[in-house]
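Spelled out, the chains give:
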Amino acid sequence: MNIRTAKLIILLFAGSCAAIAGSLFKEHMEYKEAVVASPFLSEVRKLSDYSDAVKGSVNDANVYIFNGPTPGGTVVLLGGTHPEEPVANLSAQIFTENVHPVQGRVIVINRINTSASMATRMGEAYPRFYHISTPWGVKKWRYGDRLATPLHSWPDPEVYVHYPSGQNLAYMDVRNANRTWPGRHDGLLCERTNYALMELIRKEKADIVMDFHEAELEYAVENTIVVHEKGQSVAAMASMMLTSQTFDVPIGMEFSPKALHGLSHREVGDHSDAVSYLVEVAEPMLDRIRGITDEELLMSGKDRFVMKAGEYKLLYSPIDESGWPVEKRTARHVATLMTILQVNNMLAPEKTIILEGIPDYREITENGLGAFFQNPDEAPQERVFYD
Amino acid sequence: MTMFHHSLFVLIFIVAAFAAGKKLSLNTENSMLLSAVTGLVAHIFLPKGVDPRSVLPFAEAIRHLVEGAFTYFDVCLIFMTATFFMALYKEAGGVAFIVRRIVINFHNRRSVCLLLLVLVMMIPGAITGSGATTVLTVGSLVGSVLLAMDVPANKRVALIFLLAAMSAACPPINLWAMMAAAGANMPYVGFARPLGLLSVTGALFAAFWLAGKGKPVDMHKALSTLPEVPEGWNWRRAGAPFLVLAALVLAGRAFPYSFPVLGLPLIFMISALAVFVISPSRLPLFRVAQHTVKILLGLVSIMVVVGVLIQVMTLSGVRGLLSLAVVTLPLSVLFFTLWMILPISEGMLQYAVAPLFGVPLIMLFNMKGLDPVVSLAAWSVMWPLGDCLPPTAVVGRAAVMELDFEGDYYRGFVKTALPVMAFILLLSTLFMVYSKEISQVIGG
Amino acid sequence: MDMLTINSVVMILYYFITTFFLLAMVRNFIVTRDVQEALLYAVVMIPFVLRLLRLK
């Protein structure tokens, strides 16, 4: 075979691989997630309505606003901060699709870092999508990265200097929506996104901000509520109630470290009147010691390598053959928020928020998540949105 | 067959394919590509254990290969732009000018000259976190001075490699520590002192051990072996591109909220433009770019292929198997073996070792009551020493290439570097074992 | 010029840098007589092409 023929074959081979992969990347990036907002939706705004910092950007998210008939407090729910933690946006969407506010207001953003949900994390061999069976068919979501894609935020600095603390962080964290709080109006994408979110929190006079997350079992901050010191008593009581009455695996409570900047539980509390909470739940898919990486692991949370690490007492969360299924993880987040609201209503009655229509822990774990998502093809089109 | 067996067999296929590739006279990069593809095929066809698993369609398998190729895209771009900048500078005659001046000014003051060289070598790696960038930007320049100082070839290449490794470890930017800290959701804070202490000690030890003694430099003889400098060069001209480089890097650091984020590749390209502007003769930009890409092919392709391999290993559970194997070792065994495991794994996987082993090790050390910052700093000085080891040997190969070293890679270069490597590894191991005490002393 | 415009210009410059080195690789791919080298050029070019097409 002469060199020209060899080169032609190589080019064809490489070109085919690039074309196949490129089409899958494109499909992933362009897939729109249908959201059927609950009938109690008051309005849908864009994040850019609060600040022009995100206008025209991919992170100009839908802001779903639900006003109850009686005045009370305001809670802001943030989903999709890290799109490699799917329970974060599933939990938020459970509220978007089911909530019935009786008193107070709920503001939900299903995905605060849409850019990060448009590409999977390189080197992690993630699936592109995850699926949940519902009574009307299979519903599909984009699985993503922890960081915004360089297609929307390129380049990174040599070292990321957090604003306003001046703390040095790893360069890629400038694309991490939970390292760029409280944000900068003219910074890079995630800094601008978080700036706009802070504007939303301030302008809507939020009392509570909840940021949903998941964490690897090797990570010390696990199955816990991380709270700004302003919410100490609420979080402590919520964690006790949930541990004693609802969860099989206890949920802890810890304070937001004062020296660790850029995270929502610190900066939202420091830069607004709101009390900021962040909840973590175990997700074996995020552990570096995990075995085969696929959608099955993501959804079932079952992994024998992670279990083996547990036998060596290397984990901060228990795990057994039943794993950490997506229903259980979501149910914990939903129940945690509902309990925090319940406690907050007792301690700050003037800021009461009463929500109905939200499934409880047992309903989600027993019926699965599919029962709580509506069919976008049959729903009134004025309530169907795309994230 | 359990998932453990599955991942183990995939690993065996990967290793066997690599060996077969080498046997078939494929180069390291193509052998590794073959091993990644073989690993992927093995993963698809081998039973995956008793638990249910998702189907992996053919197109998705291809997607994984291509996605892995992106893992180090930014690092590759830094390599290319940094090398392009230095290649232009060399082509313009700047390197020859500086080397001749150093020889003329410092030929009778060896220690001062060595300290100066250490400084020159440490800066690029300290600000970029990449040993390869150090070698590719200033390696040949410093190598030429060492030649003029009568340092033998083996020691020359060993020293360039070791200084490059220490420059990569040197704060403020240590990519291993940054990546592992980010993976463990730990702020990159408190690393400067332990990293600085270890890397500067290592660099000074390397410089004086390998080049501290030698015959006095015969200036006229040394000058006669160095290339002639084109007309029109002076210190102002020679310093301008580096001034631009330093100014852009420092401006980003000094005014992080008012100076735009340029990123290293663009900073190197702007500096390259400065070379083009100040050069006394007209420079052939595209020809130099072509040459840059050609000499960097081995380095860049290994980064791309390692990315592919890591993706396949992660997909098939091999990465988990290896990480699990390391973190389940007893702590005492880890103390006695990490000095070996870390450089060897670096040689195999490059920066990917930081999240692979670094993150579980941080969790483990934290759990066992050791200081995670000082421990991670110690590992982050050990890792770059593996950059001269196969199969990737990125910085070692870059050093060999930049210095036109023709001796034996292992018996000449690596063997000469071994005593210094042993010293640095020992020092780092002590830092790791006594991390708690050291953090109290230096405020890690 | 405001910071957002500057950031956009910087990003566009990165696409130019990517194109510049991709062209150099294409040229080297064309002239090389070594099959192994050609294969490596092709593999390395894939991320450059997909980035330029804004697919990854």
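Residues numbered from 1 in each chain as written. Chains lettered and ligands numbered in written order. Predicted model: local features only at pLDDT ≥ 70, side-chain atom pairs only at ≥ 80, totals over all residues.

What to know about the overall build of chain A
Next up, step 1: Scanning chain A from N- to C-terminus turns up 9 helices and 15 strands.
Next up, step 2: Computed over C-alpha atoms, the radius of gyration of chain A comes to 21 Å, within 12% of the 21 Å expected from 2.2 N^0.38 for 387 residues, which places it in the range of a compact globule.
Next up, step 3: Oriented by its inertia axes, the alpha-carbon framework of chain A measures out at about 85 × 50 × 50 Å.
Next up, step 4: Looking at chain A alone, contacts between residues at least 24 apart form 73% of all its contacts between residues at least 6 apart. (Helix = DSSP H or I, 4+ residues; strand = E, 2+ residues; numbered from the N terminus. Rg over C-alpha atoms; globule rule 2.2 N^0.38 Å. Contact = placed C-beta atoms within 7 Å.)

Quick word on the overall build of chain C
Next up, step 1: The secondary structure content of chain C amounts to 2 helices and 0 strands.
Next up, step 2: Structurally, chain C occupies a C-alpha span of about 50 × 20 × 10 Å along its principal axes.
Next up, step 3: Within chain C, the proportion of its 56 residues that are buried is 39%. (Buried ≥ 20, exposed ≤ 12 C-beta atoms within 10 Å, placed from the backbone.)

Digging into the nonpolar core
Next up, step 1: Formed by 313 residues in total, the largest nonpolar core has its most connected members in F79, F161 and L163 of chain B together with V43 of chain C.
Next up, step 2: With 17 residues, the single largest contributor to this core is helix 14 (residues 285-316) of chain B.
Next up, step 3: Both domains that furnish three or more residues to this core are identified here as domain 1 (1-56) and domain 2 (73-172 + 196-296) of chain B.
Next up, step 4: What F161 of chain B contacts, discounting residues up to four positions off in sequence, is C388, V395, G396, A399 and A417 of chain B. (Core = buried A, V, L, I, M, F, W, Y, C linked by C-beta atoms within 7 Å. Domains from an automatic or database assignment.)

With respect to the pairing of strand 6 (residues 129-134) of chain A
Residue and element names in this part refer to chain A.
Next up, step 1: Taken together, the 6 bridges between strand 6 and strand 7 (residues 137-142) define a ladder with antiparallel strand orientation. Across the sheet, S133 pairs through a bridge with V138, a residue of strand 7.
Next up, step 2: The turn joining strand 6 and strand 7, which pair antiparallel and follow one another in sequence, is formed by 2 residues. (Pairing = 2+ DSSP bridges.)

Remarks on the packing of helix 9 (residues 175-183) of chain B against helix 17 (residues 353-367) of chain B
Residues and elements named next belong to chain B.
Next up, step 1: Running from N to C, helix 9 and helix 17 cross one another at 60°; their axes reach a closest spacing of 8 Å. Taken together, the axes of helix 9 and helix 17 lie oblique to each other. With respect to the hand of their crossing, helix 9 and helix 17 are arranged in right-handed fashion. Residue-level inspection shows W176, M179, A180 and G183 of helix 9 in contact with helix 17, the latter providing A354, P355, G358, V359 and I362.
Next up, step 2: Looking at the contact of helix 9 with helix 17, its residues break down into 7 nonpolar, 2 polar and no charged. (Axes fitted to C-alpha atoms, helices over the stretch in contact; angles between N-to-C directions. Parallel < 35°, antiparallel > 145°, perpendicular 65-115°, else oblique. Left-handed = near helix turned anticlockwise from the far one by under 90°. Nonpolar A, V, L, I, M, F, W, Y, C, P; charged D, E, K, R; others polar.)

Details of the interface of chain B and chain A
Next up, step 1: Facing the 60 residues of chain B at the interface are 47 residues of chain A.
Next up, step 2: Tallied by class, the residues present in the side of chain B that touches chain A amount to 37 nonpolar, 18 polar and 5 charged.

Side note on the interface of chain C and chain B
Next up, step 1: Contact with chain C, which involves 24 residues of that partner, is made by 28 residues of chain B.
Next up, step 2: Of all the secondary structure elements, the ones that give two or more residues to the side of chain C that touches chain B are helix 1 (3-31) and helix 2 (35-52) of chain C.
Next up, step 3: With 13 residues, helix 1 of chain C is the largest single contributor of residues to the side of chain C that touches chain B.
Next up, step 4: Classifying every residue of the side of chain C that touches chain B gives 17 nonpolar, 3 polar and 4 charged.

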